[in-house]
Structures are given as C-alpha cells and as structure tokens.
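So the chains spell out like this:
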Amino acid sequence: MAHDSARVIIFDTTLRDGEQAPGFTMDVPDKVTMARALDGLGVDIIEAGFPIASPADADAVSQISRDVRRPVIAALARCRTQDVEEAARALAPADRKRIHTFIATSDLHLARKLRITREACLEAAVSAVRLARQFTDDVEFSAEDATRSDPDFLCRVIEAVVREGCRTVNLPDTVGYGTPDETRSFFEDIRARVPNADRTVFSAHCHDDLGLAVANTLAAIQGGVRQVECTINGIGERAGNASVEEIVMALRVRSDRLPYTTGIDTTALYEASQLLTRLTNEPVQANKAIVGRNAFAHEAGIHQDGVLKDPTTYEIMRPQDVGQPVARLVLGRHSGRHAVQQRCDALGLAITAAELEQVYHAVISLGEHRKAIGDGDLRRMVDRVRTDPACKMAG
Ligand code: MN
C-alpha cells in the first residue's frame, strides 16, 4: 500500500500504552485535553484507550471520538467478540475510526499466558479481524510479542489477517528486546515472505527496556515500516515506548540518512510535552532529548562562546524548531565572559569592560556554591560592582 511512499504515519498511543504506566493515569477530561493537543500536533492516529478494560476507558474513547475530528481514533481490543464489539461501540461517534485488535503469537505467550495452541491463535486473529471489518474498513492487527515469535507461524498469521482485509499489521517488540540491525532485517524478511504483504501497512511498536526504542523504530522504517507507534515523552509500560518527539526530529534533522516525512508540526512538540507533564504530574528528566529543560541549555564557557557566535557550533537544531522557548545560556561556574556580557546586555545592564571582569569573577565564585545563577543574582552583582568598585565579591 504505502510502502514505496516516504510518508511515515504517526500512531500516538500516549493515551493507551502511555496511560497504562504506573503514575500516568489520566481522567477522562484530561485525556480529551491531551487528545486535542495531539490533534494540534498533527498525529495521524490517536489510540484513545482499551474500552473493554474499564468504563472510564470506554468513556474516554467515546468523548475523544466526539470531540476530536481530524485524526483517526483507534481503540484496542483483544481478539474476542466482546472486546471488538465494545471497541466499536465506544468508537461509534468518530468520523474516522480504527479497531486495533491484538493477540500474542509467540510460543511463550501462547503456552504460558493464553494456554492455547497456534491453530487456536490463528483462528482467533482471523475471526476478530473479520468481525472488526463489519464496523470499519480501518482494522489494525497486532501480533503481541512478534519479535519473539516463530517467523513461519507469524507469516501465516499475517497472511491470514491481510486476506481478511486488515489494513495495518503491527509487529511489536513488546518486551524491548530487539536491536536496530535485527529489527530492520526482521521487517525486511517478513515483508519479503508474506505473499500479500503489499496489501497492508507494516507498523512498529518498540519498547525502551534497553534504551533502544527510538533506534529500533528508525531501523524498522528503513526495513519498510510506514507506521510507527509512539508516545509523548516516551511514556509507556515499564521503561516506556519510543518517543514521538525523538523519532520526528531524527527524521527531520537527519533527512540525509533517513529520507522520510511525517505530518507533525514540530513547533508544537514542546508544548505537548509540557501539557503531559502537567496532566500527569510527572516531569521529564532535565537531559531528555528534544523536550528536556537542558536539551538546549549551555553552561560550559567554550560552548556558550560558540553558541553566541554561531548557534550551529553546538546545536544540531534550533530550540524554536521544537517550540522550546530559547537556547538557555546557564550562568554558573563553567561560564565564560562572553555569556556574562551577553546576559547583561539582554537585561539592559550596559557594563564596562572593567565591570565585566569583576562580575565575571563573582559569577564563577557564586557558581561554586550554586547550581545556577539567575538574572536577579546578576543584577545584584552589577549593582554591587557599581556602588563599590573596589569590593571583592566572594559570593
Ligand atoms: Mn506496548
């Protein structure tokens, strides 16, 4: 279908896989607020919940289906009649709806968790897709634990669900076990072996247990995947999912190596990330790529001097490209004169070269005791130097 295109479909599961993680629970109004932000961000598909799991999940899917009209709204369902019917009911108000049905295909999950045979698994998958197709043309099938499944069996299941009209086949690395080269060849092999592979879009769903979720997702795209499942801030089960902001910016910044596009408005990434932290009361780590508060902060003097002369010396993208306010030159004990001068200029404090020298030493000195030096500190230092030029400001 879309395999030869360079456009990658962004399937956001912040409200399903993300919300499932401990501490990230959101109530229905919060989910609707987040869904509106995801719409503004330009995601193609919002997975809004798992309706059979709870009445609140079903309610969230219904409300989002009513309120958010541009993206496709997806709901999750096990390969069971009741699940699929409940998903269809919750999605009823949506203009564009997707039923996403899943079953594990690895022998480990079949034997230990589901306690069914491969044949029963295949039968359940085919029946669920057939039933889902009665409610919508847009059906996705996920083979849970796909990366640890027997490839021959996995290919049989995929061929069968595609024959039933399944438009998207998602092969999750449910436990975050894959490596990038393995992930790429996994998708290349599956696509080459499934006879009707060209009639469906392949999708990757990578977890971050080894910190490889984004790398694996990019490798999957190189292996022919044209839908990626991801979350804001990378939230999700255990160590989380691949983060939408990292995938999108990797494709954009490294379009020379990864010539693929998305429909995301990158300038809305930071605000979407911030909104999620407010709704869940879970901050992102300071050094988180793209959206962390240090992602565009520079403290070391050599770096600050470079960024002031030309930001591209230490920045591969501009903060405004992702909606971060501005590059932050943090004043601290690693700062240089150039950054102190620049901050004074920005504050309207016209200082002489002699004053700069004194203020600079005061910054270094105070920085020994403090993590960062604020604008108020800097104003006080300048005031002190001016009122008592002979002072030794020990901080
Ligand atoms: Mn998952």
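Residues numbered from 1 in each chain as written. Predicted model: local features only at pLDDT ≥ 70, side-chain atom pairs only at ≥ 80, totals over all residues. Heavy atoms only, no water.

Colleague: Whenever I open this one, the sheet that holds strand β6 (residues 168-173) confuses me. Can you help?
Modeller: Pairing between the strands of a sheet comes from backbone hydrogen bonds, and it takes one of two forms, parallel or antiparallel. Pairing in this closed barrel of eight strands is parallel, and the strands run β1-β2-β3-β4-β5-β6-β7-β8 around the ring. Across this sheet, the average inter-strand angle for adjacent strands is 25°, counted without regard to direction. Where strand β2 (residues 45-49) meets strand β3 (residues 72-78), four bridges bridge the pair, whose relative direction is parallel. Among the inter-strand pairings, G49 is bridged to a residue of β3, identified as A75. Across the face of the sheet, helix α4 (residues 81-91) comes into contact with β3 and β4 (97-104) while running at roughly 160° to β3. (Pairing = 2+ DSSP bridges. Helix = DSSP H or I, 4+ residues; strand = E, 2+ residues; numbered from the N terminus. Axes fitted to C-alpha atoms, helices over the stretch in contact; angles between N-to-C directions. Contact = heavy atoms within 4.5 Å.)

Colleague: I would appreciate a short explanation of the packing of helix α8 (residues 180-193) against helix α9 (residues 213-222) in the present structure.
Modeller: What describes two packed helices is the angle between their axes and the distance between those same axes. Contact pair α8 / α9: the axes reach a minimum separation of 8 Å and the direction vectors enclose 35°. Considering how the two elements wind past one another, α8 and α9 form a crossing that is right-handed. Counted together, P180, T183, R184, F187 and E188 of α8 and A215, N216, A219, A220 and Q222 of α9 form the full contact between these two elements. Split by residue class, the contact of α8 with α9 holds five nonpolar, three polar and two charged. (Left-handed = near helix turned anticlockwise from the far one by under 90°. Nonpolar A, V, L, I, M, F, W, Y, C, P; charged D, E, K, R; others polar.)

Colleague: Looking at this structure, how should I read the packing of aromatic side chains?
Modeller: Think of a pair of aromatic rings as described by two things: how far the centres are apart, and how the planes are tilted against each other in angle. The final tally for this structure, using the stated rule, is two aromatic pairs. Between F50 and F102, the aromatic rings sit 6.1 Å apart at their centres with planes inclined by 65°, giving edge-to-face as the arrangement. Separated by 52 residues along the polypeptide, F50 in the loop between β2 and α3 (55-67) and F102 in strand β4 bring together distant segments of the chain. Each member of the pair, F50 as well as F102, is classed as buried. (Phe/Tyr/Trp six-rings, centres within 6.5 Å; stacked < 30°, edge-to-face > 60°. Buried < 20%, exposed > 50% of the residue type's maximum accessible area, 1.4 Å probe, protein only.)

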